[in-house]
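# Architecture and fold: a report
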Amino acid sequence: MMRLELVKRPQRSMLFSALSPFIAFVLTIIAGAILFALLGVNPVKAFQIYFLEPVSQVWQLHELAIKAAPLILIGVGLSVCYRANIWNIGAEGQFILGGIVGSSIPVLFPQFEGPLVLPLMLLFGMVGGAAYAAIPALLKARFNTNEILTSLMLVYVAQLFLDWLVRGPWRDPKGFNFPQTIQFNDSAILPELMPASGRANWGFVFALVAAVLVWILMSRMLKGFEVRVLGSSPRAGRFAGFGINRMVFFAFMLSGALAGLAGISEVSGAIGQLQPVISPGYGFAAIIVAFLGRLNPLGIVAAGLVLALTYLGGEAVQSALGISDKVARVFQGMLLFFVLGCDTLIHYRIRLIGLATPTLEAAPKLEEAR
Amino acid sequence: MSANQDDANLLEVRGLTKTFGTLTACDHVDLSVANGEIHALLGENGAGKSTLVKMLFGTLEPNSGEIFWNGRAVTITNPGFAKKLGIGMVFQHFSLFEALTAAENIALSLDDGSPISTIAAKARALSYSYGLPLDPQSLVGDLSVGERQRIEIIRCLLQTPQLIILDEPTSVLTPQEADKLFETLERLRSEGKSILYISHRLEEVKRICDRATVLRHGKVVGHCNPRKETAASLARMMVGNDVEAVVRAPAQGIETAQPLLEIRALSRKPATPFSIPLRNINLTVRAGEVIGIAGVAGNGQGEFFESVSGEVPQQDAASVRIRGKDAGGLSITGRRLMGAAFVPEERLGHGAAPRMKLSENLLLSRHATDGKVFVGAGGMVKSDAIYAAAQRIIKAMDVRKSAPDPEAAALSGGNLQKFIVGRELDRRPSVMVVNQPTWGVDAGAAAHIRQTLIELARSGSAVLVISQDLDELFEISDAIAVMHNGELSKPLPIVEATFEKIGLLMGGAEPGHAEHALETS
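Residues numbered from 1 in each chain as written. Chains lettered and ligands numbered in written order. Predicted model: local features only at pLDDT ≥ 70, side-chain atom pairs only at ≥ 80, totals over all residues. Heavy atoms only, no water.

Okay, the overall build of chain B next. Counting its regular elements, chain B contains 17 helices and 21 strands. Pairs at least 24 apart in sequence give 66% of the contacts found in chain B among residues at least 6 apart. For chain B, the accessible area works out to roughly 20,700 Å², and carbon and sulfur atoms hold 52% of it. (Helix = DSSP H or I, 4+ residues; strand = E, 2+ residues; numbered from the N terminus. Contact = heavy atoms within 4.5 Å. Areas by Shrake-Rupley, 256 points an atom, 1.4 Å probe, with all protein chains shown as cover.)

Printed below as a string of structure tokens:
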């Protein structure tokens, strides 16, 4: 009989730490090729359609930016949570609440126009997302509930709340009973960056600015140090005088605010009104973005673009080859699986140990480093 | 001698080697233990003693080398096999379930399926016959550390081993409890059993051991008869050179000096069912003096440190006063801002974040007290300033390291402790509270740290040292108080303090503690 054992490596390889997302990407491609082959599609042709065609023209790059913007915004916020060892899985819900609260201005006050409308909407969106994220934070700080469960469950609450709003009180009275709100007025629409070449809006700029600001926060500021200390050694953080409960609120509300900003940017930029579904799972895909970007805000920008491509590729293979666009989810899942697998193997190596014939070289148990 | 003769050693080890990554914890170690002897394994912390015995007990597997048992080559693959051979072990860190009784804990380790009542009866009989009385029905959580060790020893003896390995057994005992243990060990020797006795305490090795094997940096540096050596010559073998003695000038005019740290009627409820409550603790530390707090581990020292440091603030603001002002309600940051500094027991994960650089670890305890120097406008960290300050501390404390600014986890225990103590000294704190200042630290670094603590006090600060190491406390303290079961005795001036008096207090002999008293006869 054999058993597998994970043995901690004495040193992490810096080279492979940096390469790990790329290795994961290559492994995803290989696994994807097998998947396409099993579906009876030529993998080379499929990959051409999946990864190259969606970015072969300028207007398509705009579409990529539209998809990447929310992923980056949310992913950057989540990276702060995860660095602090706080597991916010509910960005999807915070995204939706940001969209709802931000939209309250154009929906409830359609006559209100002018340059103030948009900044107020964005602010409302951030407040809405942050407030919604404060719920699992409060539950964790006050009652020590598991934030993974509470934040995840609140996603479904948010989805159903949005569904109820657009079918009920906020439904467009002149909308032929379609479940959607009125079209926002012009001053409530997030402008496009370069209308001449495509649809990309200011949301992408928000994402880049947020990434740079959070990078400065995490690498240069005392608050970022606090996040890293509490995340890696909470007892040392307590010794430093950093409060773990304050950190729970800070991390949740920061990531909630960024998810809320992503939500209102998506609604006022790409959609233009509220409808029952405003996100194709950005809040969950952003978890992959955060890890693929190694929880580094700048890496997350690159990772967001990659994940955005999987969405576009999914749509492309559906229209060109008739394969379900759920294949995008499969690719995202494989990517996360391989990233986490690579990371594990950077920290640990696998030892095969035969139980029948113990050898002198057998590995020590993890805790017994002297 | 040949391993095949009838008079073969019970245990013979040749060329045993164990590496962890790039570190060779045991390097071609030879060792022999004869029948009916108490054999000492001497060495500093980190010399490879624990690694060696873990290989003998089958919890670690060697990279190379041979082990002979009664002259027969054996491969000890797991503790079960070691027990079958007749090797028993009492670990330094106990593996007992606090919520179970002593008998249940013993039953768990004997997988022979006999009913608990039988085991309890056997354990009781055995414990009394060896002078280690034990009530098998008592809950482990209610027992003192010394009593828990008895469970471990009895559990080991129930398996009738030929060789008993004891890893630093007296580190958790009062001097009187240790005396009891030595009697038991001598009794076992007279029955022809062998004992491998691991220690770094030279006096007790000289007292009870027949032969000694000395380890340094994973290598055997000598075999000797400890009775023919002096403590100084053994220390030299262990450390490799002479250790400078700590110099302590007598404190002058302490009675009239200003009290800098006052603890008034400090009480704390237990945070968990098995932690110790603090009961009405009173203590004053004045400018210029070092007060030591002795006590067996687990008598509330950790809880006391948390309360004094402010990691856990108190309800009663006057229960801790720093430089004449109430500090009981303040956080650790607030207390630091009043001039206090703290060094906790655990280095990695409490006093320092393992995966962070030394310069970042400097920021850990000083981001508020030196806010202007290390943190600029808008909360930006001044990385040049923390780097320069870290280098200053590294130089002042002679911290040895492999890179200019390595991660804390990359340093040896002694060097990291020097950095952590230096980080606080660098502030010139007026109150310094240190828990286990030299635990697991090599002798040279320990002497350095002790000397700096004395110098800090003599320059006008109040220093409070919590330690399990009595030798250390006698070396540096002006007075020693004893913590037992969450209560603190009156400090005994060093001129009046003796090992015996302190030992009795550690066992709970002070009037009023009678109900918790251990057998100290």
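The next point concerns the sheet that holds strand 2 (residues 23-33) of chain B. Note on sheets: strands pair through backbone hydrogen bonds, and any given pair is parallel or antiparallel. Residues and elements named next belong to chain B. One open sheet holds the four strands; their spatial order is 2-1-4-5, and the pairing between them is antiparallel. The outermost strands of the open sheet, each flanked by one partner alone, are strand 2 and strand 5 (72-74). Strand-to-strand twist across the sheet, computed as the mean angle between neighbouring axes with direction ignored, equals 30 degrees. As defined by bridge partners, strand 1 (residues 11-20) adjoins strand 2 across seven bridges and the pair is classed as antiparallel. Each bridged residue has a counterpart across the sheet, and for Phe20 the counterpart in strand 2 is Leu23. (Pairing = 2+ DSSP bridges. Axes fitted to C-alpha atoms, helices over the stretch in contact; angles between N-to-C directions.)

Residue and element names in this part refer to chain B. Its domain assignment divides chain B into domain 1 (11-239), domain 2 (244-339 + 429-521) and domain 3 (348-428). The gap between the C-alpha centroids of domain 1 and domain 2 is 32 Å. Across the interface of domain 1 and domain 2, roughly 1,500 Å² is buried in total on both sides, 59% from carbon and sulfur atoms. Linking domain 1 with domain 2 are zero salt bridges, by the criterion used here. Across the domain 1-domain 2 interface, the total number found is one residue pair in polar contact (both at pLDDT 80 or more). Sorting the residues of the side of domain 1 that touches domain 2 by element identifies helix 5 (145-157) and helix 6 (175-190) as the ones contributing at least two each. Looking at side-chain class alone, the side of domain 1 that touches domain 2 contains six nonpolar, six polar and six charged residues. (Domains from an automatic or database assignment. Buried area = accessible area lost by both parts, 1.4 Å probe. Salt bridge = Lys/Arg side-chain N within 4 Å of Asp/Glu carboxyl O. Polar contact = N/O pair within 3.5 Å; in protein donor to acceptor, adjacent residues only side chain to side chain. Nonpolar A, V, L, I, M, F, W, Y, C, P; charged D, E, K, R; others polar.)

Our next topic: the layout of surface pockets. Residue and element names in this part refer to chain B. As a volume, the second largest pocket reaches approximately 420 Å³. Taken together, 18 residues make up the lining of the second largest pocket; nearest its centre are Ile254, Glu289, Asp478, Ala479 and Pro493. Every element with two or more residues in the lining of the second largest pocket is listed here: strand 12 (278-286) and strand 21 (492-493). Each residue belonging to the lining of the second largest pocket can be placed in one class, and the counts come to 10 nonpolar, three polar and five charged. (1 Å grid on protein atoms, 1.4 Å probe; cavity = no way out; pocket = protein on both sides within 12 Å on 5 of 7 lines; lining within 4 Å. Points joined across faces, edges and corners; volume = space filled by probe spheres on them.)

Our next topic: a nonpolar patch on the surface. On the surface, a nonpolar cluster with roughly 490 Å² of combined accessible area is contributed by A:Leu4, A:Leu6, A:Leu345, A:Ile350 and A:Leu352. By secondary structure assignment, the location of A:Leu352 is in strand 2 (residues 348-354). (Patch = residues over 30% accessible without salt bridge, like charges linked within 9 Å, V, L, I, M, F, W, Y side chains within 5 Å.)

The next thing to look at is unusual backbone geometry. Residue and element names in this part refer to chain A. If you check the backbone angles, Phe176 has positive phi at about 55 degrees while not being a glycine. Inspection of the secondary structure puts Phe176 in the loop between helix 6 (147-167) and helix 7 (203-220). Located in the positive-phi region is Arg294, a residue other than glycine, with phi close to 55 degrees.

Time to look at the interface of chain A and chain B. On the chain B side, the residues contacting the 27 residues of chain A number 47 residues. Carbon and sulfur atoms supply 59% of the area buried between chain A and chain B, which totals about 3,100 Å² over both sides. Seen at the junction of chain A and chain B, the total is three salt bridges. Secondary-structure elements contributing two or more residues to the side of chain A that touches chain B are helix 7, helix 8 (222-232) and helix 9 (234-239) of chain A. Among the elements that make up the side of chain A that touches chain B, the one with the highest residue count is helix 8 of chain A (five residues).

Turning to helix 15 (residues 443-458) of chain B, a few remarks are in order. Residue and element names in this part refer to chain B. Along its 16 residues, helix 15 runs 23 Å from first to last C-alpha, staying within 8% of the 22 Å computed at 1.5 Å per residue. For helix 15, the set of buried residues is Ala445, Ala446, Ala447, Ile449, Arg450, Gln451, Thr452, Leu453, Ile454, Leu456 and Ala457. As for helix 15, its buried residues are in contact with strand 13 (290-294), helix 13 (383-397), helix 14 (413-425), strand 17 (431-435), strand 18 (462-466) and helix 16 (470-476). Gly460 lies just past helix 15 and shows a positive phi near 115 degrees. (Expected span 1.5 Å × (residues − 1). Buried < 20%, exposed > 50% of the residue type's maximum accessible area, 1.4 Å probe, protein only.)

The next subject is the side chain of A:Glu63. Within the secondary structure, A:Glu63 is located in helix 3 (residues 58-83). Excluding residues that lie within four positions of it along the chain, A:Glu63 makes contacts with A:Arg199 and A:Leu312.

Let us look at empty space enclosed by the protein. Evaluation of the coordinates by the stated rule reveals four cavities of 30 Å³ or more. Counted as a void, the largest cavity has a volume near 80 Å³. Secondary-structure elements contributing two or more residues to the lining of the largest cavity are helix 5 and helix 6 of chain B. Per-element accounting of the lining of the largest cavity gives the leading share, four residues, to helix 5 of chain B. Along the lines of polarity and charge, the residues of the lining of the largest cavity split into four nonpolar, two polar and three charged. Quantified by volume, the second largest cavity comes out at close to 60 Å³. As for the second largest cavity, its lining consists of A:Ile66, A:Ala69, A:Pro70, A:Leu73, A:Asn201, A:Gly203, A:Ala262, A:Ser265, A:Glu266 and A:Ala270. Broken down by secondary-structure element, the contributors of at least two residues to the lining of the second largest cavity are helix 3 and helix 10 (244-271) of chain A.

So, about helix 4 (residues 116-129) of chain B. Residues and elements named next belong to chain B. Over its 14 residues, helix 4 extends 20 Å from the first C-alpha to the last, a length consistent with the 20 Å expected when each residue adds 1.5 Å. Along helix 4, the residues that are buried comprise Ile119, Ala120, Ala123, Leu126 and Ser127. The arc enclosing the buried residues of helix 4, seen along the axis, measures out at 135 degrees, which places them on a common side. Of the exposed residues in helix 4, those oriented more than 90 degrees away from the buried face are Ser117 and Tyr128. Where the residues of helix 4 are buried, they touch helix 3 (102-109) and helix 5. Just downstream of helix 4, Gly131 is the residue with a positive phi angle, here 70 degrees. (Arc of directions from axis to C-beta.)

Another aspect to go through is the nonpolar core. Core analysis: the biggest nonpolar cluster contains 204 residues, and A:Ile74, A:Tyr82, B:Leu185, B:Tyr197, B:Met432 and B:Ile502 have the highest contact counts within it. By size, the runner-up hydrophobic cluster in this structure holds 32 residues, among which are B:Ala257, B:Ala327, B:Ala340 and B:Met483. (Core = buried A, V, L, I, M, F, W, Y, C linked by side-chain atoms within 4.5 Å.)

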